[in-house]
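Read off the chains here:
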Amino acid sequence: MTVAPRTPRRPGDERGLVNPYPIRYPDSTSPAVMTRRAWWLVVVNLLIPGSAQAAAGNRRLAKLGLGATLVMWVLAVLAVLVAVVWRPFFLTVVTNSLVLLIIQIALVAYAVLWIVLALDTLRLVRLIKTRPWARLAVPAAVVAVTLVVSGGAGYAAVLVGSARNALGSVFSAGGPAVAPTDGYYNILLLGVDSGAGRDSMRPDSISVASVNADTGQVTITGIPRDMKDVPFAPGPMQTLFPDGYKGKNCGTAHCAINEIFTEVNVLRKGTDIYPDATTYQYSPGIEAVKDAAEGVTGLTIPYYVFIDMDGFAALIDALGGIDITVTERLPKGWGPTYTNEPASKWAIGWIEPGAQHMDGDTAQWYARSRYTTSDWDRMLRQRQLQEAILAQFTPANVLSRFQDVANAGTHIIETDIPDSMIGYFLDLAIKAKGQPVQSLELTPAGANIDPDKPDFTVTRALVAEKLHPSSATPSPTG
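Residues numbered from 1 in each chain as written. Predicted model: local features only at pLDDT ≥ 70, side-chain atom pairs only at ≥ 80, totals over all residues. Heavy atoms only, no water.

Caption draft 1: Focus on helix α20 (residues 456-467). Helix length check: α20 (12 residues) gives 17 Å between terminal C-alpha atoms against 16 Å at 1.5 Å per residue, within 8%. Taken as a whole, α20 has its buried residues at F456, T459, R460, V463, A464 and L467. Around the axis of α20, the buried residues are gathered within 130° of arc, so they sit on the same side. Buried residues along α20 sit against β1 (184-192), β2 (203-212), β3 (218-223), α11 (284-297) and β10 (438-441). The backbone nitrogen of T457 has a side-chain oxygen 3.0 Å away, supplied by the residue at the start of α20, namely D455. (Helix = DSSP H or I, 4+ residues; strand = E, 2+ residues; numbered from the N terminus. Expected span 1.5 Å × (residues − 1). Buried < 20%, exposed > 50% of the residue type's maximum accessible area, 1.4 Å probe, protein only. Arc of directions from axis to C-beta. Contact = heavy atoms within 4.5 Å. Polar contact = N/O pair within 3.5 Å; in protein donor to acceptor, adjacent residues only side chain to side chain.)

Right, dumping it as structure tokens:
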């Protein structure tokens, strides 16, 4: 006699007992039960990835999913706590290239794990046993949730990669961090127009940003690009020009501060003047301008940022434009071809008075235009643009345009700010948000300074008074 094989009994099969494992061992003959079970598995897997597998599937996969989810939440909570309690450290960590790479890999791994868990959850649902309408609704819900969660993690990985690439392209790796001087970090800002027809990369805009090391308050000191006879801080340029940038040793046309870059990098062998330039990979020309800016202002300037005007325009476009109130009609164009040629002959367009939302190209011309106004007016417009750009750096605006902003950031030609200082400066930038940017223009209109015959004892005293009101004393530098 042949005996039929016995079907293994599930818990609760005994008469009078209730099945204690309805999710793992459901009544598969009931479409209603299987449909409820399907939705339950989908929802718990959404709330706690891996829980569907723990309840009805492979427990090894469940441990992987639940473990990854637990680690993610613990790290997220710790990150929030550290960001609140110790923000400078948090910003330093999350701007570290290696940490960003680890975060990027973790996000990709989690996105893949989520897809695996979602597909396995669909397998556990056993759609064929559910009600007909659920056979479409449940997979649709799983796909939608997977696209949101896994796609979100993947997109976050892309953003983290963009940030890592941008930081690596702009900031120097492993450079020395320095302490503030007299409570400030001073950064030389050089704007250069490298467009067609421009030679020797002469700075069109020279200023020093002084960032208060406690409050983040920013003060920008504008130095006229045509300022003459500038002294140098102690160093090789002061040895070459002990009486300032003038006289027979000066090889440029006007011996103005914006020609120092050309003097060192083009007319002289800059590495002979600054022999450490090759070893430490910095530009002798920029170092010379930095020494000149120190001589003019009396400040210690450890860092510089060298910005191309094309990159400047790209950044404005990436931020969605800036809002500027124009006070007078300004021409676009490279200027007259002969003396007294009217602007109507050479202008390729006009910037009209009134409130305007400018794109990068318009803002670029707004910063350049000087032929119908003075250089001092142009300096004020450039400062106005700097403040407008800072106003656009809101968290919501930057996050919504993150990749464009990150890509535009790489148009900064170079800076010697080390990557180890990024987090600290970001913290200061957050503190500075909402505080007005202070400015001091070393011009006839701004400070009664004649750029052709400047008194550098006065310029240093003005800078010191601006940064340290009522307690300033003239600097002996230079």
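Caption draft 2: Layout of the pattern of salt bridges. Inspection of every chain in the model, using the stated rule, returns 9 salt bridges. Its salt-bridge partner being E352, residue R329 comes within 3.0 Å of it at the nearest N-O pair. Note that R329 is positioned in the loop between β5 (322-326) and β6 (330-332) and E352 in the loop between β7 (349-351) and β8 (354-358), a separation of 23 residues in sequence. Since its relative accessible area comes to 42%, R329 is described here as partly exposed. We classify E352 as partly exposed; its relative accessible area is 35%. Residues joined in a network through salt bridges with shared partners are R87, D427 and K431. (Salt bridge = Lys/Arg side-chain N within 4 Å of Asp/Glu carboxyl O.)

Caption draft 3: Spotlight on the packing of helix α3 (residues 59-85) against helix α4 (residues 87-94). Two elements in contact, α3 and α4, have axes whose closest approach is 5 Å; the angle formed by their N-to-C orientations is 130°. Put simply, α3 runs oblique to α4. For the pair formed by α3 and α4, the contact residues are A79, V82, A83 and V85 on the first element and R87, F89 and F90 on the second. Class assignment of the residues belonging to the contact of α3 with α4 gives a composition of 6 nonpolar, no polar and 1 charged. (Axes fitted to C-alpha atoms, helices over the stretch in contact; angles between N-to-C directions. Parallel < 35°, antiparallel > 145°, perpendicular 65-115°, else oblique. Nonpolar A, V, L, I, M, F, W, Y, C, P; charged D, E, K, R; others polar.)

Caption draft 4: Looking closely at unusual backbone geometry. For D182, which is not glycine, the phi torsion reads 55° and is therefore positive. Within the secondary structure layout, D182 lies in the loop between α6 (134-170) and β1. D182 sits in the exposed class, given a relative accessible area of 62%. With a phi close to 60°, D229 is a non-glycine residue in the positive phi region. Along the chain, D229 falls in the loop between β3 and α7 (236-240).

Caption draft 5: Spotlight on the packing of aromatic side chains. Under the defined criterion, the tally for this structure stands at 12 aromatic pairs. Centroid distance W39 to W133: 6.5 Å. Interplanar angle 25°. Geometry classified as stacked. Residue W39 is found in helix α1 (residues 31-47), and its partner W133 is found in the loop between α5 (97-125) and α6; the two are separated by 94 residues along the sequence. For W133, a relative accessible area of 49% translates into the label partly exposed. Both rings, one in F241 and one in Y245, keep their centres 5.1 Å apart while their planes meet at 75°; by these two values the pair is edge-to-face. As far as burial versus exposure is concerned, F241 and Y245 are alike and both buried. Over the ring of W365 we find R368, and its NZ or CZ is 4.8 Å from the ring centre. (Phe/Tyr/Trp six-rings, centres within 6.5 Å; stacked < 30°, edge-to-face > 60°. Lys NZ or Arg CZ within 6 Å of the ring centre and 35° of its normal.)

Caption draft 6: Structural context of the nonpolar core. Counting 39 residues, the largest nonpolar core has L188, I223, M227, V230, M237 and I260 as the members making the most contacts within it. Of all the secondary structure elements, the ones that give two or more residues to this core are β1, β2, α8 (260-267), α11, β4 (303-308) and α20. With residues near it in sequence (within four places) discarded, V230 still touches G244, Y245, I257, I260, A292, V296 and F456. Within the second largest apolar cluster, 21 residues are counted, among which are F312, I316, I351 and L385. (Core = buried A, V, L, I, M, F, W, Y, C linked by side-chain atoms within 4.5 Å.)

Caption draft 7: Molecular detail of empty space enclosed by the protein. Counting across every chain of the model gives 3 cavities of 30 Å³ or more. Put simply, the second largest cavity is a space of about 80 Å³. Residue lining of the second largest cavity: D204, S205, I206, I223, P224, R225, D375, R378, M379, Q382 and R383, and that is the complete set. Contributing elements (two or more residues each) for the lining of the second largest cavity: β2 and α15 (375-392). Tallying contributions element by element places α15 first for the lining of the second largest cavity, with 5 residues. When its residues are assigned to classes, the lining of the second largest cavity shows 4 nonpolar, 2 polar and 5 charged. (1 Å grid on protein atoms, 1.4 Å probe; cavity = no way out; pocket = protein on both sides within 12 Å on 5 of 7 lines; lining within 4 Å. Points joined across faces, edges and corners; volume = space filled by probe spheres on them.)

Caption draft 8: Region of interest: the state of the cysteines. Taken as a whole and assessed by the stated rule, the structure comprises 1 disulfide. Paired through a disulfide, C250 and C255 show a sulfur-sulfur distance of 2.1 Å. Since a negative S-S torsion denotes a left-handed disulfide, the C250-C255 link at about -125° is left-handed. We note that C250, like C255, is buried. (Disulfide = S-S within 2.5 Å.)

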